[in-house]
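Secondary and tertiary structure notes
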Amino acid sequence: MTAYAAPFRPIRSRGHFTHEDFMATAMIEAKGLKRTYKARGKDIEAVRGIDLRVEAGEIVGFLGPNGAGKTTTLKMLCTLLAPTGGSAIVAGSDLRTDAVNVRRKIGYVSQAGSTSPEAVVGDEIISHARLYGIDRATATRRGKDLLAALDLAEVWSRTCGSLSGGQRRRLDIVMGLIHQPTLVFLDEPSTGLDPQSRANLWTHIRSLRDTLGTTVFLTTHYMDEADSLSDRILIIDHGTIVAEGTPAALKKRVSGDAITLTLRDEADAQRAAGIAGGLEGADAPQTEAHVVRLHVPDGGRALPVLLAGLTKAGIDAIGVDVNRPTLDDVFLTLTGRSLRD
Amino acid sequence: MTFFRDTWIIFSRSMRLSLRQPLWVLIGLLQPILYLTLFGPLLQNIAATSGFQGDAWQVFVPGLLVQLGIFGGLFVGFGIIAEWRSGVIDRQLVTPAARTSIIAGRTLRDVVVISVQAIVLVGCAYLLGLRVPPAALLIGLVLVALLGAAFSFISNAIGIATKSEDALAPLVNTLALPILLLSGILLPMNIAPRWLQIASDFNPFKHIVEALRAVFRGDFTNPIVWIGALLAVVLVVLGAWVGARTLTAQTR
Ligand SMILES: Nc1ncnc2c1ncn2[C@@H]1O[C@H](COP(=O)(O)OP(=O)(O)O)[C@@H](O)[C@H]1O
Ligand SMILES: [Mg+2]
């Protein structure tokens with residue numbers, strides 16, 4: 001499988017999948033998935049009936065603030081938690097009726113870790129692999145390769161407890177990939193990693209997809225991670241998916257790119273605002289002293305046109321800034337809250 | 001069959017981890033030895049005057065063996081809570097491994113540890129003067145293993161169901177105390193008042209201890225032997241059932 005471009009896909013209304021939806025190469029197909037926890041007689045609706053579909057070979061980011069229901073959704077899709085409503089086909093098998101076959105094909109890296117501190121790294125990897133029917137020799141070879149790929153080459157004989165937090169996180173990921181799953185679930189994979197290991201992990205995840213065709217479903221509360229790693233993003237808030245699309249398409253849903261022009265004086269600013277307002281798709285420019293702000297659908301295209309217009313009118317811009325919207329702006333627009341909180 | 005393979009894999013991992021902490025194994029071995037050396041001599045004197053049948057060691061060692069099986073198994077739940085915290089249980093549950101293996105493998109490890117402790121105990125008792133038919137020793141070891149398995153299943157199940165040491169500790173103690181006091185392990189029940197004797201009749205462990213004492217006296221054909229053996233097997237089946245159910249309920 002080579003580079004994969006996922007089309008923008010509008011959110012479906014609940015429960016309206018057609019026959020064709022199940023014929024395509026869907027790796028995850030969930031309908032009305034719901035989980036209500038009972039805690040001290042109170043019902044906590046952690047996941048409120050979500051529909052989602054992940055194609056084979058896609059890297060999908062599940063983005064949302066803490067407590068949004070990401071882990072709960074993942075645990076349901078991994079057969080660790082029974083849904084209180086809805087259904088799902090995961091890696092070709094029904095979650096409810098054929099959990100064993102789901103388990104054979106998926107890998108899961110939990111948010112909570114996966115190894116005993118007293119255990120030796122190599123022993124943990126081999127024993128885990130054997131539960132998938134992989135022999136020792138293969139497990140050892142694959143385990144060492146994976147460790148090396150994630151910059152952990154030298155830890156094979158160390159105890160898990162002696163690793164740093166970031167190393168242990170990468171070991172969790174190695175464990176989740178040891179049986180070469182067709183679909184892998186990563187719950188907050190880069191929490192606790194330094195920027196270098198993070199970039200390295202992203203490269204590895206992309207290469208997994210590119211070389212083995214692995215489908216990746218990862219949760220994150222980091223916008224940059226969702227942005228740079230995912231083909232497609234699902235944004236979840238309060239147990240509901242509030243938006244879905246490629247990072248670019250999602251960002252287009254907010255006001256577009258912001259252009260900020262700084263001019264010599266207020267008179268110039270007034271004239272510049274008039275010219276900028278004529279740009280294709282621009283909103284009404286806001287003028288404040290000698291600064292003009294406006295939004296356009298595509299800053300990269302609009303900027304040369306704007307600058308040419310200013311030159312033609314004999315106006316000197318002393319500063320220009322183009323800011324692309326972040327996923328945080330998207331989240332803010334959708335929910336009125338920032339992801340950063 | 002995948003159940004046996006998976007159980008073996010889980011067992012090997014747990015066993016290796018136990019062996020990596022030899023101090024705990026050592027402490028586990030020390031306990032029965034302390035009982036023998038510090039409590040045994042005391043009982044020697046009591047046995048002569050009280051209602052025990054047979055030689056003091058023949059009375060005392062079966063009690064200690066049953067106690068080892070019960071207590072050796074009862075406290076293993078703390079270990080599985082720690083494993084759940086570190087994410088190991090979920091990691092294993094997400095594999096295609098047979099659900100029951102995930103608990104059975106750990107119980108098998110506990111049985112091995114308890115059996116080794118029982119062998120050490122019997123060896124020490126022999127040095128101190130215990131003399132019984134070899135078949136009796138074998139039956140004693142099997143019985144300890146069965147009790148260990150039953151209680152390990154139950155303790156692991158409680159651990160996984162509560163996921164809290166604070167809940168497990170009082171539960172285990174509440175379970176252990178009446179079992180111990182009404183079993184005649186340390187003192188013979190026939191010196192107890194009538195109502196206490198009747199209460200103890202409802203304690204299966206009293207009959208199991210009685211069975212093992214009969215065996216140690218060489219009284220293999222005594223019907224109590226069959227009753228004790230049957231009770232032990234029923235307990236293992238019950239424990240395994242509870243354990244398996246609890247683990248399956250995890251993913252509910
Ligand atoms: N075992 C549980 N019992 C009760 N409530 C829970 C349990 N697990 C999670 N929750 C609640 O469900 C909601 C979603 O949690 P979670 O799926 O872990 O969110 P996220 O992974 O997005 O941070 C939260 O409000 C959380 O407190
Ligand atoms: Mg989470």
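The model shown is predicted, which means the values in this text are computed figures rather than measured ones.

**Observations regarding the nonpolar core**
- Ranked by internal contacts, the top residues of the largest apolar core, which has 76 residues, are Val90(A), Phe185(A) and Phe217(A).
- When residues in this core are grouped by element, the largest group, five residues, is from helix H6 (residues 165-177) of chain A.
- Of all hydrophobic cores here, the second largest spans 49 residues; its members include Leu64(B), Val66(B), Val111(B) and Leu121(B).

**Description of the packing of helix H7 (residues 134-162) of chain B against helix H8 (residues 165-181) of chain B**
Residues and elements named next belong to chain B.
- Direction vectors running N to C along H7 and H8 enclose 150°, while the axes themselves pass 9 Å from each other. Relative to H8, the element H7 is oriented roughly antiparallel. In this structure, H7 crosses over H8, and the sense of that crossing is right-handed. In contact with Phe151, Ser155, Ile158, Gly159 and Thr162 of H7, H8 contributes Ala167, Leu168, Leu171 and Ile179.

**What about a nonpolar patch on the surface?**
- On the surface, a cluster of nonpolar side chains totalling about 460 Å² of accessible area is made up of Leu23(B), Trp24(B), Leu26(B) and Ile27(B).
- In this structure, Leu23(B) sits in helix H2 (residues 22-49).

**Regarding unusual backbone geometry**
Residues and elements named next belong to chain A.
- Not every positive phi belongs to a glycine, and aspartate 151 is a case in point at roughly 60°.
- Tracing the sequence through the fold places aspartate 151 in the loop between helix H5 (136-149) and H6.
- Given the relative accessible area of 46%, aspartate 151 is considered partly exposed.

**Let's talk about the layout of surface pockets**
All names here are of chain B.
- In this model, the largest pocket occupies a volume close to 1100 Å³.
- Surrounding the largest pocket, 32 residues form its lining, Trp24, Gly72, Phe75, Val76 and Val113 being those nearest its centre.
- Of all the elements in the fold, those that place two or more residues in the lining of the largest pocket are helix H1 (2-19), H2, helix H3 (56-74), helix H4 (77-85) and helix H6 (99-128).
- For the lining of the largest pocket, a count of residues per class yields 17 nonpolar, 11 polar and four charged.

**Describing the sheet that holds strand S13 (residues 291-296) of chain A**
Residues and elements named next belong to chain A.
- The antiparallel open sheet is built from four strands, whose spatial order is S12-S13-S11-S14. A strand with exactly one partner marks an edge of an open sheet, and here the two such strands are strand S12 (286-288) and strand S14 (317-323). For this sheet the average axis-to-axis angle between neighbouring strands, irrespective of direction, equals 15°.
- With respect to the sheet, helix H10 (residues 266-277) is in contact with strand S11 (257-263), S12 and S13, its orientation differing from that of S11 by roughly 150°.

**A word on the packing of aromatic side chains**
All names here are of chain B.
- This structure, assessed with the given rule, holds 10 aromatic pairs over all chains.
- For the ring pair phenylalanine 71 and phenylalanine 75, a centre distance of 6.3 Å and an interplane angle of 20° mean the geometry is stacked.
- Of the residues examined, phenylalanine 75 reaches a relative accessible area of 35% and is grouped as partly exposed.
- Note on phenylalanine 151 and phenylalanine 205: the rings are 5.3 Å apart at their centroids and 45° apart in plane angle, and the pair reads as tilted. Of this pair, phenylalanine 151 sits in helix H7 while phenylalanine 205 sits in helix H10 (residues 204-216), placing them 54 residues apart in sequence.

**Section: the coordination of the magnesium ion (ligand 2)**
- Taken together, Thr71(A) (OG1) and Gln111(A) (OE1) make up the full set of protein donors to the magnesium ion (ligand 2), lying 2.0 to 2.4 Å away. In this pair, Thr71(A) is assigned in helix H2 (residues 70-77) and Gln111(A) in the loop between strand S6 (106-109) and helix H4 (121-130), connecting sequence segments 40 residues apart.

**Describing the domain arrangement of chain A**
- We note that the domain assignment places domain 1 (19-251) and domain 2 (257-324) within chain A.
- For domain 1 of chain A and domain 2 of chain A, the distance between their C-alpha centroids amounts to 45 Å.

**Focus on the interface of chain B and chain A**
- On the chain A side, the residues contacting the 27 residues of chain B number 31 residues.
- For the chain B face of the interface with chain A, the top three residues by lost area are Arg91(B), Val94(B) and Pro96(B), together amounting to 27%.
- Applying the counting criterion to the chain B and chain A interface returns four salt bridges.
- We note a salt bridge from Arg91(B) to Glu124(A), for which the minimum N-O separation is 3.2 Å.

**Observations concerning the site of ligand 1**
All names here are of chain A.
- Every residue lining ligand 1 is accounted for by Tyr37, Ile44, Ala46, Pro65, Asn66, Gly67, Ala68, Gly69, Lys70, Thr71 and Thr72.
- Here an oxygen atom of ligand 1 and a backbone polar atom of glycine 69 are 3.0 Å apart.
- In this structure, an oxygen atom belonging to ligand 1 sits 2.8 Å away from a main-chain N or O atom of lysine 70.
- Relative to its unbound accessible area of 560 Å², ligand 1 is 63% covered by the protein chains.
- Counting residues per element, the ones that place at least two in the shell around ligand 1 are strand S2 (42-55) and H2.
- Ranked by residues supplied to the shell around ligand 1, first place goes to H2 with three residues.
- Considering only residue class, the shell around ligand 1 consists of five nonpolar, five polar and one charged.

Definitions and limits used
Residues numbered from 1 in each chain as written. Chains lettered and ligands numbered in written order. Predicted model: local features only at pLDDT ≥ 70, side-chain atom pairs only at ≥ 80, totals over all residues. Heavy atoms only, no water. Core = buried A, V, L, I, M, F, W, Y, C linked by side-chain atoms within 4.5 Å. Buried < 20%, exposed > 50% of the residue type's maximum accessible area, 1.4 Å probe, protein only. Helix = DSSP H or I, 4+ residues; strand = E, 2+ residues; numbered from the N terminus. Axes fitted to C-alpha atoms, helices over the stretch in contact; angles between N-to-C directions. Parallel < 35°, antiparallel > 145°, perpendicular 65-115°, else oblique. Left-handed = near helix turned anticlockwise from the far one by under 90°. Contact = heavy atoms within 4.5 Å. Patch = residues over 30% accessible without salt bridge, like charges linked within 9 Å, V, L, I, M, F, W, Y side chains within 5 Å. Areas by Shrake-Rupley, 256 points an atom, 1.4 Å probe, with all protein chains shown as cover. Salt bridge = Lys/Arg side-chain N within 4 Å of Asp/Glu carboxyl O. 1 Å grid on protein atoms, 1.4 Å probe; cavity = no way out; pocket = protein on both sides within 12 Å on 5 of 7 lines; lining within 4 Å. Points joined across faces, edges and corners; volume = space filled by probe spheres on them. Nonpolar A, V, L, I, M, F, W, Y, C, P; charged D, E, K, R; others polar. Pairing = 2+ DSSP bridges. Phe/Tyr/Trp six-rings, centres within 6.5 Å; stacked < 30°, edge-to-face > 60°. Donors = N, O, S within 2.8 Å, 3.2 Å for Na, K, Ca; no water. Domains from an automatic or database assignment. Buried area = accessible area lost by both parts, 1.4 Å probe. Near = heavy atom within 4 Å. Polar contact = N/O pair within 3.5 Å; in protein donor to acceptor, adjacent residues only side chain to side chain.

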